[in-house]
Structure formats: C-alpha cells, structure tokens
Amino acid sequence: MSIPLGAGGIISTPNDLCRFAAALFSGQIISSKSLEQMKPIASDTYGFALEYQNISGRKGLGHGGDIDAFTATVAYFEEENLSIALTCNGANYGKHDIATAVLNEVLGRPYELPNFEFVELNSEELDQYLGTYASDEVPIDITIYKKDKQLFAQGTGQPSFLLFAEGNHRFSC
C-alpha cells in the first residue's frame, strides 16, 4: 500500500464488520454513554469514528474508507436492527451505490441495476480535462492527468485513481 500507517492496515470481511457493528451497537464493546460520544453532534455528519450514512433515504451510522484500490464501509440501521458491510478490491462502482442496492434488496424495495457501459475517449478528447481543480468547499486540490491514454485523478497527498468515461463530461472511478 502507498500510505498505510494507521489506515488500511487491517484485514477483515463484511461478515466480521457486521458482527462488529452488531456488538458495538448492542453495548457489548463499549457503554451506551461512550457510544453516544462517538456519534455526530447536532447537524454534523461525522463524529468520533462514526458518521451518518444516508443510504436510500435511510439514516445509518457507520464508517468507511478507501486506500489505494481497496474500499470498505459498514453501516448500522437502528430502526431495522440491520448492518450492511462492503469490502472491495479494485471496484469501479461506488460503494454508496452498491450499499443502496443491497439495502433496497434486503428491505424489498425497488432499485435500478447499474450501467457498466463505458465510453472510450481518444487521447485528444481526454486533454480537455487535464489540469488542477480547486474548491472553497473541499480542502484539497484535485489534479487530473493522463498516462498511457487513460485519465487519472489525484487529490493533494492522496493516491491517484483511474477515471472511466461514462458519457458526456461524466466520469466514475
């Protein structure tokens, strides 16, 4: 891994993550007072290790992360007493979208299957996207660059990732 330190230095499965969430939220690991301190305060979305995850209109509590090509997330939905967890290695479809489909399937609600069709752009067509982008709302700059006729994005101090063209000025990672 490129920058593991404290991130990405653990091996787990979705089953392990769901078992952990069940134990955490049922008071088997820490007290209910400590759990309350971990939750986001007021309108914040992120607390001490727990964040609100709005998936398909349901508000769950959990945590997720990405490093290199690895991604994981776990969310607990108190109303349903349900945990969902995803781990991926090299996925090119967003974990939030996957979690939405899984939650809707479990709850018997309709959902759309993703479209995995990508558009192939030539090297010259990719050139229009090259550069460094900044925003007042995001604390890092994003550099878009080309390597071997493929487009990559990299945030300041972060690993780079491959972008896939989905349509007119639309990309996914």
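Relevant structure appears above.
Model, not experiment: these values are computed from the prediction.

Student: Got a sec to walk through the side chain of Thr 100? Specific residues and values, please.
Tutor: Within the secondary structure layout, Thr 100 lies in helix 3 (residues 95–106). Taking relative accessible area as the criterion, Thr 100 reaches 18% and is therefore assigned buried. Setting aside its immediate chain neighbours within four residues, Thr 100 contacts Ile 55 and Ser 56.

Student: Kindly report on the nonpolar core, identifying the contributing residues and their values.
Tutor: Residues Leu 17, Ala 21, Leu 24, Phe 25, Leu 35, Met 38, Leu 50, Leu 61, Val 74, Tyr 76 and Ala 85 constitute the largest nonpolar core, which totals 11 residues. Top contributing element to this core by residue count: helix 1 (residues 14–25), with 4 residues. Filtering out sequence-adjacent residues up to four positions away, Ala 21 remains in contact with Val 74 and Ser 83. Core analysis: the second largest hydrophobic core is formed by 8 residues, Phe 77, Ile 84, Leu 86 and Ala 99 among them.

Student: Would you mind going over the packing of aromatic side chains in detail, with residue names and values included?
Tutor: The geometry of two aromatic rings is summed up by the distance between their centres and the angle between their planes. Scanning the entire structure with this criterion turns up 3 aromatic pairs. Judged by centre distance (4.4 Å) and plane angle (10°), the rings of Phe 25 and Tyr 76 are stacked. Of this pair, Phe 25 sits in helix 1 while Tyr 76 sits in strand 3 (residues 70–77), and the two are 51 residues apart along the sequence. According to the relative accessible area criterion, Phe 25 is buried, its value standing at 17%. Judged by centre distance (4.9 Å) and plane angle (75°), the ring pair of Tyr 129 and Phe 171 falls under edge-to-face. You can see Tyr 129 sitting in the loop between helix 4 (123–126) and strand 5 (131–133) and its partner Phe 171 sitting in strand 9 (residues 170–172), a full 42 residues away along the chain. On the basis of relative accessibility, which here comes to 15%, the residue Tyr 129 falls in the buried class. Lys 59 extends its terminal NZ or CZ atom over the ring of Tyr 52, reaching a point 4.2 Å from the ring centre.

Student: Hey, could you go over the sheet that holds strand 2 (residues 58–67) for me, with residue numbers and the actual values?
Tutor: Reading across from one edge, 1-2-3-4 is the order of the 4 strands in this open sheet, with antiparallel pairing throughout. Since the sheet does not close on itself, it has two edges, and those belong to strand 1 (51–55) and strand 4 (82–89), each with one partner. Ignoring strand direction, the axes of neighbouring strands in this sheet form an average angle of 30°. In this sheet, strand 3 lies alongside strand 2 in antiparallel orientation, the contact comprising 7 bridges. Each bridged residue has a counterpart across the sheet, and for Asp 66 the counterpart in strand 3 is Thr 71. Packing of helix 1 onto the sheet brings it into contact with strand 2, strand 3 and strand 4, and relative to strand 4 it is tilted by some 145°. Across the sheet, helix 3 touches strand 1, strand 2, strand 3 and strand 4, and the angle it forms with strand 4 is around 140°.

Student: I'd like a rundown of the sheet that holds strand 7 (residues 150–155), residues and numbers included.
Tutor: Taken together, 5 strands build an open sheet; the order of strands is 5-6-7-8-9 and the sheet is antiparallel. With one partner strand each, in any of the chains shown, strand 5 and strand 9 form the two edges of the open sheet. In this sheet, adjacent strand axes meet at a mean angle of 35° when their direction is disregarded.

Analysis parameters
- Residues numbered from 1 in each chain as written.
- Predicted model: local features only at pLDDT ≥ 70, side-chain atom pairs only at ≥ 80, totals over all residues.
- Heavy atoms only, no water.
- Helix = DSSP H or I, 4+ residues; strand = E, 2+ residues; numbered from the N terminus.
- Buried < 20%, exposed > 50% of the residue type's maximum accessible area, 1.4 Å probe, protein only.
- Contact = heavy atoms within 4.5 Å.
- Core = buried A, V, L, I, M, F, W, Y, C linked by side-chain atoms within 4.5 Å.
- Phe/Tyr/Trp six-rings, centres within 6.5 Å; stacked < 30°, edge-to-face > 60°.
- Lys NZ or Arg CZ within 6 Å of the ring centre and 35° of its normal.
- Pairing = 2+ DSSP bridges.
- Axes fitted to C-alpha atoms, helices over the stretch in contact; angles between N-to-C directions.

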